[in-house]
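Single-letter residue listing:
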Amino acid sequence: MERNFADQFVVVGSDYKTYETEEKKISFLERLKGKPILSIIILSIIVLGCVFAEQVYNHDPTSFYLQNLNEPPGSEFYFGTDSLGRDIYSMIWYGGRVSILIGLLGMAIITVIGVVYGCISGTANGKTDAIMMRIPELINSIPTLLLILLLTSVMGSQNILKISFVIGVTGWCGLARIVRSEVRQIRSSEYVLAAKSMGGGFFHIMRKHLIPNFVSTIMFVVVSSIGLSMSMESTLSFLGLGLPVDVVSWGSMLSLANKALLSNTWWVIIFPGVFLITTLVCITNIAYYFRKETNKRESYL
Amino acid sequence: MNRKGMLAEKILRRILWFLISMLILSVAVFYFARLAPGDPLQSYYGDAVESMNSTELDAARARLGLDGPIALQYVKWIANAAQGDFGLSLKYKMPALDVITPLIGNTLILGGVAYVLVFALAIILALFCAMHEDTWIDRIICKVGTAAYYIPSFWLGVVLVLVFSVNLGWLPSSGAYDIGKSNDLLNRIQHMILPLTVMILSHLWYYAYMIRNKLLDEIRKEYVLLAKSKGCTKSEIVLKHCFRNVAPTIVSIMAISIPHVLSGTFIAEAVFNYPGIGALSVTSAKYHDYNLLMLIVMITGVMVVSSSIIAQFVNEAIDPRMKLTEVSAWKETSQTSSL
């Protein structure tokens, strides 16, 4: 009898498993669709080249080849030499470390200050919040460059840590504002109240409940702040207020640009700049991937 | 309350807030500057400091307002500043105000022209992109624009100088005018082309993209469907209906953008050696000339705050919904609902 049942009745969904296995076979290429693969590949080539600079470069980036001042690109010096006789090809890989390090440090400082400040302001009561939000407003009403100039001139001679600090301290306002508005939306939700009533401290609540909620929203700002820090470093170095010439970075290489203009040695300007911009564009492309797609409705036009 | 009274109150409150923030800022800068490693006496007198005896040193300190505790120094400085005396520039050895006055005009002209051009072009570009949303031309403009925005503007400037001044010799590379041609308008315009190009290229897309996105939100509203069923053409809908609705947002963006554009002006000035307060601020930062820097910060602050007040007026003129009474009513409800 039992066997008959199995014959008579069609078991609904008995072939479910086969469908499932078929659906799981998404090819590797398809999964990569929509992700910024090209940017990731180029960026990892540049970063790996900088990390393993000792293996990549063919000259000592810190020594001066005094017989070969302003040598155009050729078979010995791939990207030529600058006005101090240093090999640009080697310096790019070696100096990229400093540039990327400053980018990451700047991002770390911006993120920590922005997130903590935004969380405090978002959870605070109305008056404290209003006062706390005035400070970024005040900082934003002065051009960033001017503030950075002020700080750098006060700080005296520059090193990597100081310059990242200056960039971080002036760049967190936008992030803090976004974090605050996100926190205000979730601060009175049940789970935050529950955590609070069970005696959870501020940093516990921030780590366990607040940050996981807005991390996807701020990813775009956080990632693109790497690029902004890097470009700010190079701008400062170009203006003569950043790293000194003997600390090799893409920015400090470009600080020789004015001299290079006089002697018309284009390779001193173009090569570090192209590397810097390629990195910036790759980082931005990756950052855009993190940006939440706004809900796209059909256009009425 | 009547509308005029409220307007006056609002402006007064703004100016009060501005004064307070300037005060806080000046205290911070003043203390920072005095804590800094560089000795202001050194930068004013140079090596002569080392050969001075103690009475001469005291006299020199008193002359530059460096004697007494920092708090007292600050009170003196602010009292003098209220009378229009912002102290001596340590590098140029003359009153800071006199150093800056001839340069403000140059900065305002360069920044102002760039500002107008950036927004005029941004609006045109945004309208064009919004009307051709998701076509190939829109996508190309988006990609190119994003890339252009992330090129550091100083590098763009240097490359432009390399191409157009050094190699082609078409345009001058630095200054605001050639020597002896300060009244020659054509010569001045020639000097402004490269800085303007840099500023437009590095700012244009940022704002065009913002406006484009606002327009795209607007196109998805239902009145567009009504206008379409009425028989309006595409350009009519966008220009007559959508653009009008977006206009107040654009004015707000324009007001917020002023510090950003000024920052760009400063970099452009520094790259092209354009005699303005931006290039001056870079040199004074190099020479630890705090009196001058502080004055530049104050002047920039005044520019930014006054322009945001102007933006408020313009917004009210073009959009009746922004009238003060209704804005404050909206604010009250939003405050209660957020608690």
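Up top is the structure these notes are about.
Small disclaimer: the values here were computed from a predicted structure and weren't measured.

**Comments concerning the overall build of chain A**
Phase 1 of the analysis: Broken down by element type, chain A carries 15 helices and zero strands.
Phase 2 of the analysis: The 301 residues of chain A split such that 47% are buried.
Phase 3 of the analysis: Just so you have it, chain A exposes about 15,900 Å², and 64% of that area is on carbon and sulfur atoms.

**Comments concerning the environment of Leu261(A)**
Phase 1 of the analysis: Looking at where Leu261(A) falls in the secondary structure, it is placed in helix H14 (residues 257-263).
Phase 2 of the analysis: With sequence-adjacent residues up to four places away left out, Leu261(A) is seen in contact with Ile269(A), Val158(B), Val161(B), Leu162(B) and Val166(B).

**A word on the nonpolar core**
Phase 1 of the analysis: Core analysis: the biggest nonpolar cluster contains 164 residues, and Leu210(A), Trp250(A) and Ile269(A) have the highest contact counts within it.
Phase 2 of the analysis: In terms of residue count, the dominant contributor to this core is helix H5 (residues 96-131) of chain B (16 residues).
Phase 3 of the analysis: With sequence-adjacent residues up to four places away left out, Trp250(A) is seen in contact with Ile46(A), Cys50(A), Ile92(A), Gly95(A), Gly96(A), Ser99(A), Met230(A), Pro272(A), Phe275(A), Leu276(A) and Thr279(A).

**Section: helix H6 (residues 88-123) of chain A**
Phase 1 of the analysis: Over its 36 residues, H6(A) runs 51 Å from end to end, which matches the ideal 52 Å to within 8%, given 1.5 Å per residue.
Phase 2 of the analysis: At Gly95(A), H6(A) shows its largest kink, close to 30°.

**Some remarks on the packing of aromatic side chains**
Phase 1 of the analysis: Overall, the coordinates contain 12 aromatic pairs over all chains when judged by the stated rule.
Phase 2 of the analysis: A centroid spacing of 6.3 Å and a plane angle of 85° characterise the contact between Tyr89(A) and Trp93(A), whose relative ring orientation is edge-to-face. Pair noted here: Tyr89(A) and Trp93(A) are both in helix H6, with a separation of four residues, about one helical turn. Accessibility assignment for this pair places Tyr89(A) and Trp93(A) in one class, buried.
Phase 3 of the analysis: Look at Tyr149(B) and Tyr206(B): their rings are 5.0 Å apart centre to centre, the planes differ by 20°, and that puts the pair in the stacked class. Taken together, the residues Tyr149(B) in helix H6 (residues 136-149) and Tyr206(B) in helix H8 (residues 185-219) connect sequence positions 57 residues apart.
Phase 4 of the analysis: Overall, the relative accessible area of 33% leaves Tyr206(B) in the partly exposed class.
Phase 5 of the analysis: In this structure an aromatic cluster arises from ring pairing among Tyr115(B), Phe119(B), Tyr149(B), Tyr150(B), Tyr206(B) and Tyr207(B).

**Overview of the interface of chain A and chain B**
Phase 1 of the analysis: Contacts between the two partners involve 51 residues from chain A and, on the opposite side, 56 residues from chain B.
Phase 2 of the analysis: Across the chain A/chain B interface, buried area totals approximately 4,700 Å², and carbon plus sulfur atoms make up 75% of it.
Phase 3 of the analysis: Where chain A meets chain B, there are zero salt bridges.
Phase 4 of the analysis: Our enumeration of links across chain A and chain B arrives at two residue pairs in polar contact (both at pLDDT 80 or more).
Phase 5 of the analysis: Contributions of two or more residues to the side of chain A that touches chain B are made by helix H7 (126-140), helix H8 (144-155), helix H12 (202-238), H14 and helix H15 (266-290) of chain A.

**Re a nonpolar patch on the surface**
Residue and element names in this part refer to chain B.
Phase 1 of the analysis: A surface patch of nonpolar side chains, amounting to about 390 Å² of accessible area, comprises Ile 109, Val 113, Leu 117, Leu 121 and Ile 124.
Phase 2 of the analysis: One can find Leu 117 in helix H5.
Phase 3 of the analysis: Note on Leu 117: relative accessible area 33%, which makes it partly exposed.

Analysis parameters
- In every chain, residue numbers begin from 1 and rise along the written sequence.
- Written order decides the labels, with chains lettered from A and ligands numbered from 1.
- Per-residue local features of the predicted model are confined to residues with pLDDT of at least 70, and side-chain atom pairs are confined, for both listing and counting, to 80 or more; whole-chain, interface and lining totals are unaffected and use all residues.
- The side-chain figures draw on all heavy atoms in the structure; neither hydrogens nor water molecules are used.
- Helix and strand definitions here come from DSSP, where helices need a minimum of 4 consecutive H or I residues and strands a minimum of 2 consecutive E residues; each element is numbered from the N-terminal end.
- Only protein chains enter the accessibility calculation, which uses a 1.4 Å probe. A residue is then buried if its area is under 20% of the maximum for its type, exposed if over 50%, and partly exposed in between.
- Note on areas: these come from Shrake-Rupley sampling with a 1.4 Å probe, and a residue is covered only by the protein chains present in the view.
- Whether two residues are in contact is decided by their heavy atoms: any pair within 4.5 Å suffices.
- By nonpolar core we mean a set of buried residues, namely Ala, Val, Leu, Ile, Met, Phe, Trp, Tyr and Cys, connected to one another through side-chain atoms within 4.5 Å.
- Given the number of residues in a helix, its expected span is that number minus one, multiplied by 1.5 Å.
- Consider a residue and the seven residues that end there alongside the seven that start there; fitting an axis to each set, the bend is the angle between those axes.
- Ring pairs are drawn from Phe, Tyr and Trp, using the six-membered ring of Trp, whenever the two centres fall within 6.5 Å, and their geometry is named by plane angle: stacked under 30 degrees, edge-to-face over 60, tilted for the rest.
- We define buried area as the total accessible area lost by two parts upon association, computed with a 1.4 Å probe and summed across both.
- Salt bridges, as used here, are contacts in which a Lys or Arg side-chain nitrogen is within 4 Å of a carboxyl oxygen on Asp or Glu.
- As used in this structure description, the phrase polar contact means that two N or O atoms lie within 3.5 Å; if the pair is within protein, one of them must be able to donate a hydrogen and the other to accept it, and residues adjacent in sequence are counted only when both atoms belong to side chains.
- Patch definition: residues above 30% relative accessible area lacking any salt bridge, with like charges linked at up to 9 Å and the nonpolar side chains Val, Leu, Ile, Met, Phe, Trp and Tyr linked at up to 5 Å.

Spatial relationships are all this shows, so hold off on functional conclusions.
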